[in-house]
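Results of the structural survey
Chain by chain, the residues:
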Amino acid sequence: MLNLGILISGRGSNMEAILKSIKRKKIPINPSIVISNKADAKGLKIAQKLGIKTEIIESRGFKGNRQDYDKKIITVLKKYKVTPNNGLVCLAGFMRILSPEFVKTYKNRIINIHPALLPAFPGLDAQKQAIDYGSKYSGCTVHFVDSGVDTGPIILQAIVKVKNNDTEDTLAKRILVKEHQTYPEAVRLFAEKKIKIHGKKTIIS
Ligand code: GRF
């Protein structure tokens, strides 16, 4: 069975949705480790309550460059057997850009969720970007991580209608409901080896 590492920075609700899905035996993957770059990330307690091991690799005040920091993450992932051969790394609200070396080491084995329909509105404040633009629909995207920001091959998307009176908050809440369905589903597809990558596209069988 594959081993899963989840990287978080905060609330951890997507992490929770994935871990609960695994517990309900919906996903054939072993949840090995949750790593946070922040000691006060709320998600750490949630993971611990669910019986999952956690590690903190504080990024604030870290002496070294991005690659040095990511090397520490890789060391911890490997310690918990989340390897480039049998591992999957899920970014779940992990607020750091990965170094090219990290992406290369775990090529096609890192996935992320973004709260917009990529390629629209990448980067920060995606829900605000959608509202400010006047989009009628937004949603969420689960995608492989490549060396760009929110640019890797798309695995799954879910659509949410933007209402006239939506605020960033109300839209974010409705998108989050979809995120919690979409991310576990994408992890399941990966764990069951149902995703093939062809250039920019993924084919789901
Ligand atoms: C989610 O909206 C996700 O799409 C984005 O960051 C947020 C993380 O929320 N990448 P949570 O920590 O999973 O609750």
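Residues numbered from 1 in each chain as written. Predicted model: local features only at pLDDT ≥ 70, side-chain atom pairs only at ≥ 80, totals over all residues. Heavy atoms only, no water.

If you look at the biggest cluster of nonpolar residues, it comprises 42 residues, and the most contacted ones within it are Ile6, Leu19, Ile29, Cys90, Ile111, Tyr183 and Val187. Of all the elements, helix H6 (residues 168–191) adds the most residues to this core, at eight residues. When residues are assigned to domains, this core turns out to be shared by domain 1 (1–107) and domain 2 (112–205), each giving three or more. In terms of nonpolar packing, the next biggest core, distinct from the first, is built from 20 residues, Ile57, Val82, Phe94 and Phe102 among them. (Core = buried A, V, L, I, M, F, W, Y, C linked by side-chain atoms within 4.5 Å. Buried < 20%, exposed > 50% of the residue type's maximum accessible area, 1.4 Å probe, protein only. Helix = DSSP H or I, 4+ residues; strand = E, 2+ residues; numbered from the N terminus. Domains from an automatic or database assignment.)

This part covers the packing of aromatic side chains. Applying the stated rule across the entire model yields four aromatic pairs. On the basis of an interplanar angle of 80° and a centroid distance of 5.7 Å, the ring pair of Phe102 and Tyr106 is categorised as edge-to-face. Each member of the pair, Phe102 as well as Tyr106, carries the same accessibility label: buried. Looking at Arg96, its charged tip hangs above the ring of Tyr69, at a distance of 4.0 Å from the centre. (Phe/Tyr/Trp six-rings, centres within 6.5 Å; stacked < 30°, edge-to-face > 60°. Lys NZ or Arg CZ within 6 Å of the ring centre and 35° of its normal.)

What follows covers the site of the ligand. In the vicinity of the ligand, the contacting residues are Arg11, Gly12, Ser13, Asn14, Gly93, Ile113, His114, Pro115 and Glu179. Ile113 places a main-chain nitrogen or oxygen 3.0 Å from a nitrogen atom of the ligand. Coverage of the ligand by the protein chains reaches 85% of its 370 Å² of free accessible surface. Residue composition of the shell around the ligand, grouped by class: two nonpolar, five polar and two charged. Shared between two domains, the shell around the ligand takes at least three residues from each, and those domains are domain 1 (1–107) and domain 2 (112–205). (Near = heavy atom within 4 Å. Polar contact = N/O pair within 3.5 Å; in protein donor to acceptor, adjacent residues only side chain to side chain. Areas by Shrake-Rupley, 256 points an atom, 1.4 Å probe, with all protein chains shown as cover. Nonpolar A, V, L, I, M, F, W, Y, C, P; charged D, E, K, R; others polar.)

What follows deals with the sheet that holds strand E5 (residues 110–114). What holds strands together in a sheet is hydrogen bonding between their backbones, with the strands either parallel or antiparallel. Pairing in this open sheet of seven strands is mixed, and the strands run E3-E2-E1-E4-E5-E6-E7 from one edge to the other. Both edges of this open sheet fall to strand E3 (54–56) and strand E7 (154–161), since each of them pairs with a single strand only. Sheet twist, expressed as the mean angle between neighbouring strand axes with direction ignored, is 20°. Alignment of strand E2 (residues 29–36) against E3, held across three bridges, turns out to be parallel. Residue pairing in the sheet places Ser36 in a bridge with Ile56 of E3. Contacts between helix H2 (residues 42–49) and the sheet are confined to strand E1 (2–8), E2 and E3, with E3 contributing the most and set at about 155° to the helix. (Pairing = 2+ DSSP bridges. Axes fitted to C-alpha atoms, helices over the stretch in contact; angles between N-to-C directions. Contact = heavy atoms within 4.5 Å.)

In many reports, interface size means the accessible area that the parts give up when they come together. Here the domain parsing of the protein yields domain 1 (1–107) and domain 2 (112–205). Here domain 1 and domain 2 have C-alpha centroids that lie 19 Å from each other. Between domain 1 and domain 2, the contact holds 20 residues from the first and 18 residues from the second. Taken together, both faces of the contact between domain 1 and domain 2 bury some 1500 Å²; the carbon and sulfur share is 74%. The largest contributions to the domain 1 side of the interface with domain 2 come from Leu2, Asn14 and Leu91, which together make up 29% of the buried area. In this assembly, domain 1 and domain 2 are joined by zero salt bridges. Taken together, the links from domain 1 to domain 2 amount to three residue pairs in polar contact (both at pLDDT 80 or more). When residues of the side of domain 1 that touches domain 2 are traced back to their parent elements, those giving at least two are helix H1 (13–23) and strand E4 (87–91). Considering every element that reaches the side of domain 1 that touches domain 2, the biggest residue donor is H1, with five residues. (Buried area = accessible area lost by both parts, 1.4 Å probe. Salt bridge = Lys/Arg side-chain N within 4 Å of Asp/Glu carboxyl O.)

Counted under the stated rule, the structure contains zero disulfides. As a non-bridged cysteine, Cys90 has Cys140 as the owner of its nearest cysteine sulfur, 14 Å distant. (Disulfide = S-S within 2.5 Å.)

Further remarks concern the side chain of Asp166. Mapped onto the secondary structure, Asp166 falls in the loop between E7 and H6. A polar contact of 2.9 Å, which involves the side chain of Asp166, links it to the backbone nitrogen of Lys163. A distance of 2.7 Å separates a polar atom in the side chain of Asp166 from a polar atom in the side chain of Arg174. Aside from chain neighbours lying at most four places away, what touches Asp166 is Ile131, Lys161, Leu171 and Arg174.

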